[in-house]
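# Residue-level structural notes
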Amino acid sequence: MSSTPCIITVAITGSVPKKEDNPAVPISVAEQIESTQEAFEAGATLVHVHMRNEEDQSVSSDPAKFDAYLKGVRKHCPGMIVQFSTGGRGRDPSSRGSMIHLKPDMASLATGSVNFPSMVYENHPDLVRDLAAAMKQHGVKPEIEIFDLAMLYAAKDMVDRGEIVGPAHVQFVSGLKNALPVRREVLEFELKELRELMPDATWTAAAIGRHQLQMNHWALELGGHCRTGLEDNIKFDKDRLAASNAELVARVADLSGKYNRHPASVAEARGILGL
């Protein structure tokens, strides 16, 4: 029996981890391109990227950084799917879509607000619609970030209204305090709802910190796609830090065979996501 492809997403940097937490966290554009290439060679075919300022490692919305990164990845990782983050941590709402015109393959889109441990991750309905409209205008496929269950129903409404072009791709994010817990029955309920609401949708699952590997197992088993990387988890296991994004990707790639899956090729990943 032939195996089923799994798209491995690598979230290389995020907006929180710093080099003091793990020296392998890539901060500069050059470091991010290099880390992405290593992860690509290890089996990742989709990269989720945040930009950072080198001086203090803070979050950046500078389109020039995103542009330089995009050009570098397209040169060194042929066909890799590039997904820009429009996330709100440390960014002014008016700048969160400032780089969509660069036409990455994808961009993240949270369809509601949620409490994070130290802040409200605020996604005003007008902002969500504006970001979705910019993605539609520039031919950028949204990855709909589901931090709480209401966001799934909001996404369905946006697809029905034509604000998001179907088939949708969603990512279930678990393990953040005050948001969705890492519970198998919760994920299975979400998948049941997804199949009823948007039967043609594709899905990825992500979890934070020590839960990342468990979620990789569940996603592989349940037919979804996997996310790993230093944004979500700076450790390889409880005893040591991850050496690189590539090391985390290689673990998922190795694990896939256990579930009769294999890391999706560039062509397979683009086919699955309709890119």
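Up top is the structure.
Here the structure is a predicted model, which means the values were calculated and not measured. Here the residue numbering is sequential within each chain, running from 1 through the sequence in written order. Where local features are concerned, this predicted model is filtered to residues with pLDDT of at least 70; where side-chain atom pairs are given and counted, the filter is 80 or more; whole-chain, interface and lining totals use all residues. Hydrogen atoms and water are omitted, and side-chain values are computed over all heavy atoms in the structure.

Right, let's talk about the environment of S35 for a bit. Counting from the N terminus, the helices are the DSSP runs of H or I reaching at least four residues and the strands are the DSSP runs of E reaching at least two. Mapped onto the elements of the fold, S35 is located in helix α1 (residues 29-42). By relative accessible area, S35 is classed as buried at 8%. Spatially, the C-alpha atoms of S35 and Q171 are 23 Å apart, while their sequence positions differ by 136 residues. Contact criterion: two residues are considered in contact whenever any of their non-hydrogen atoms come within 4.5 Å of each other. Discounting chain neighbours no more than four positions away, the residues touching S35 are I12, P26 and N245. The buried label applies to any residue whose accessible area, calculated with a 1.4 Å probe on protein chains only, is under 20% of its type's maximum; exposed applies above 50%, and partly exposed to all values in between.

In this section: the packing of aromatic side chains. Whether two aromatic rings pair depends on their centres lying within 6.5 Å, for rings of Phe, Tyr and Trp, where Trp uses its six-membered ring; planes under 30 degrees apart make the pair stacked, over 60 edge-to-face, and the rest tilted. Under the counting rule described, the total for this entry stands at five aromatic pairs. On the numbers, 6.4 Å between centres and 55° between planes, the contact of F172 with W203 is tilted. Placement of the pair is F172 in strand β11 (residues 169-174) and W203 in strand β12 (residues 202-207), with a sequence separation of 31 residues. Overall, W203 belongs to the buried group, its relative accessible area being 9%. Put simply, the rings of F116, Y121 and F147 touch in pairs and so form one group of aromatic residues. The ring of F236 carries R251 above its face, with NZ or CZ at 4.0 Å from the centroid. Whether a charge lies above a ring is judged from NZ of Lys or CZ of Arg, which has to be within 6 Å of the ring centre and within 35 degrees of the ring normal.

When you line up the elements, Q83 lands in strand β6 (residues 81-84). Think of a polar contact as two N or O atoms within 3.5 Å of one another; within protein, one of them needs to be a possible hydrogen donor and the other a possible acceptor, and neighboring residues in sequence only count if both atoms come from side chains. In this structure the side chain of Q83 is engaged in a polar contact, spanning 2.7 Å, whose partner is the side chain of H48.

What follows deals with the packing of helix α5 (residues 184-197) against helix α6 (residues 212-222). At a minimum axis distance of 12 Å, the contact between α5 and α6 shows a crossing angle of 40°. Relative to α6, the element α5 lies oblique. Both α5 and α6 take part in a crossing whose hand is right-handed. Seen from α5, the contacting residues are R184, L187, E188 and L191; seen from α6, they are M215, W218, E221 and L222. Every axis corresponds to a line fitted to the C-alpha atoms, with the helix fit spanning only the stretch in contact, and the corresponding angles, defined between N-to-C directions, vary from 0 to 180 degrees. Under this scheme an angle from 65 to 115 degrees is roughly perpendicular, one under 35 degrees roughly parallel, and one over 145 degrees roughly antiparallel; angles in between are oblique. Handedness of a crossing follows from how the near helix is turned relative to the far one, being left-handed for an anticlockwise turn of less than a right angle and right-handed for a clockwise one.

Okay, the pairing of strand β10 (residues 141-146) next. Of all the six residues making up β10, six are buried; the element is thus mostly covered by neighbouring parts of the structure. Neither face of β10 is exposed, since K141, E143 and E145 on one face and P142, I144 and I146 on the opposite face are all buried. Strand pairing follows a simple DSSP-based rule, namely that at least 2 bridges must link the two strands. By the bridge criterion, five bridges tie strand β7 (residues 106-110) to β10 in an arrangement that is parallel. Counterpart to A110 in the pairing with β10 is E145. Here β10 runs beside β11; their pairing, made up of four bridges, is parallel. Opposite E143, over in β11, you have H169 as the bridge partner. By convention a crossover is right-handed if, when the strands point away from the viewer, the path from the first strand over the helix to the second runs clockwise. In terms of handedness, the path from β10 via helix α4 (residues 149-160) over to β11 forms a crossover that is right-handed.

It is worth spelling out the pattern of salt bridges at this point. Here a salt bridge means any side-chain nitrogen of Lys or Arg lying within 4 Å of a carboxyl oxygen belonging to Asp or Glu. Enumeration over the complete set of coordinates arrives at 15 salt bridges. Residue K156 is joined to D160 by a salt bridge in which the shortest nitrogen-to-oxygen separation is 3.2 Å. Here K156 pairs with D160, and both are found in helix α4, just four residues apart, close to one helical turn. Its relative accessible area of 22% is what places K156 among the partly exposed residues. Taking the shortest distance from any N to any O, the salt bridge between R184 and E188 comes out at 2.6 Å. In this pair, R184 and E188 both sit in helix α5, four residues apart, roughly one turn of the helix. A residue is classified by how much of its surface remains accessible, and R184, at 23% relative accessible area, is partly exposed. For E188, a relative accessible area of 35% translates into the label partly exposed. It is possible to trace a salt-bridge network through shared partners that takes in R184, E188 and E221.

That's the geometry; what it means functionally is another story.
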